[in-house]
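# Fold and geometry: a report
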Amino acid sequence: QVQVMESGGGLVQPGGSLRLSCAVSGSIFLIYDMGWYRQAPGKERELVATITNGDSTNYADSVKGRFTISRDNAKKTAYLQMNSLKPEDTADYYCNAVLRTVSWAPNRDYWGQGTQVTVSS
C-alpha cells in the first residue's frame, strides 16, 4: 500500500518562507513525476510545481521565482521551498506522485491528504 504524506504547512507572515515536504512510502517500484498542487477556498485545485525523476521542473506563472521544487529519490521525498509568500498563496497544498508499485504495473497517481498554508499578518 502506498502512502503520500505532506508536512511543513502553517501560518506565516507575508514575505516569509515555508518548506513543505512530501514523503512517499510503501511498496514502490519507481516514482516518476512528483508535484505540488493547491486549492484555495472556493477555488479549483491548481498546479503549483512538478518535477520529473530526471529533475526537470515546471512551475505555475504565479510562483515562478519564488517557489522551488526539488526531490530526493533515495528518500522518496519531494520538497517545495516557498519564499516571498503572499496572502494569495493561502491554500491547502497537496502532493501528487506518479509511480509504479511493480515493474509490470501501469503508472498511477497517488495523492496526499494536504497541508494547510496560511499567509497572513
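Report on the accompanying structure. (Residues numbered from 1 in each chain as written. Predicted model: local features only at pLDDT ≥ 70, side-chain atom pairs only at ≥ 80, totals over all residues. Heavy atoms only, no water.)

## Section: the state of the cysteines
Here is the rule: Two cysteine sulfur atoms form a disulfide, by the criterion used here, when they sit within 2.5 Å. Each helix corresponds to a stretch of at least 4 residues labelled H or I by DSSP, and each strand to a stretch of at least 2 residues labelled E; elements are numbered beginning at the N terminus. Each residue is placed in one exposure class: buried if its accessible area under a 1.4 Å probe, protein chains only, is under 20% of its type's maximum, exposed if it is over 50%, and partly exposed if it falls in between.
In total, this model carries 1 disulfide according to the counting rule given. Shown here is the disulfide that connects Cys22 with Cys95, its sulfur atoms set 2.0 Å apart. Taking the torsion about the S-S bond as the criterion, the Cys22 to Cys95 disulfide, at about -80 degrees, is left-handed. Of this pair, Cys22 sits in strand S3 (residues 18–25) while Cys95 sits in strand S9 (residues 91–100), placing them 73 residues apart in sequence. Cys95 shares its class with Cys22; the two are buried.

## Overview of the pattern of salt bridges
When their charged atoms lie close together, side chains carrying opposite charge are able to pair. Put simply, the test is: Only one rule defines a salt bridge in this text: a Lys or Arg side-chain nitrogen within 4 Å of an Asp or Glu carboxyl oxygen.
Counted according to the given criterion, the structure contains 4 salt bridges. Ionic pairing is found between Asp61 and Lys64, a salt bridge with its closest N-O pair at 3.1 Å. Asp89 is the partner of Arg66 in a salt bridge, and the nearest nitrogen-oxygen pair spans 2.7 Å. With Arg66 in the loop between strand S6 (57–59) and strand S7 (67–72) and Asp89 in the loop between strand S8 (77–82) and S9, the pair connects residues that are 23 residues apart, well separated along the chain. Just as Arg66 is buried, Asp89 falls in that class too. Taken together, the shared-partner salt bridges connect Arg38, Glu46, Arg66 and Asp89 into one network.

## Details of the nonpolar core
The test is simple: Working definition of a nonpolar core: buried Ala, Val, Leu, Ile, Met, Phe, Trp, Tyr and Cys residues. They are joined through side-chain atoms within 4.5 Å.
Counting 31 residues, the largest nonpolar core has Val24, Met34, Trp36, Leu80, Met82 and Tyr93 as the members making the most contacts within it. Secondary-structure elements contributing two or more residues to this core are S3, strand S4 (30–39), strand S5 (46–51), S7, S8, S9 and strand S11 (115–119). For this core, the element with the highest residue contribution is S9, accounting for 5 residues.

## Let's talk about the environment of Arg100
Test applied: Only heavy atoms matter for contacts: two residues are in contact if any of them lie within 4.5 Å across the pair. We call two N or O atoms a polar contact when they sit within 3.5 Å, provided that within protein one can donate a hydrogen and the other can accept it, with sequence-adjacent residues counted only if both atoms are side-chain atoms.
Take Arg100: it is sitting in strand S9. With sequence-adjacent residues up to four places away left out, Arg100 is seen in contact with Ile28, Phe29, Leu30, Tyr32, Ala105, Pro106 and Asn107. Polar side-chain contacts of Arg100 include one of 2.7 Å to the side chain of Asn107.

Interpretation note: all reported values are geometric properties and have no functional meaning in isolation.
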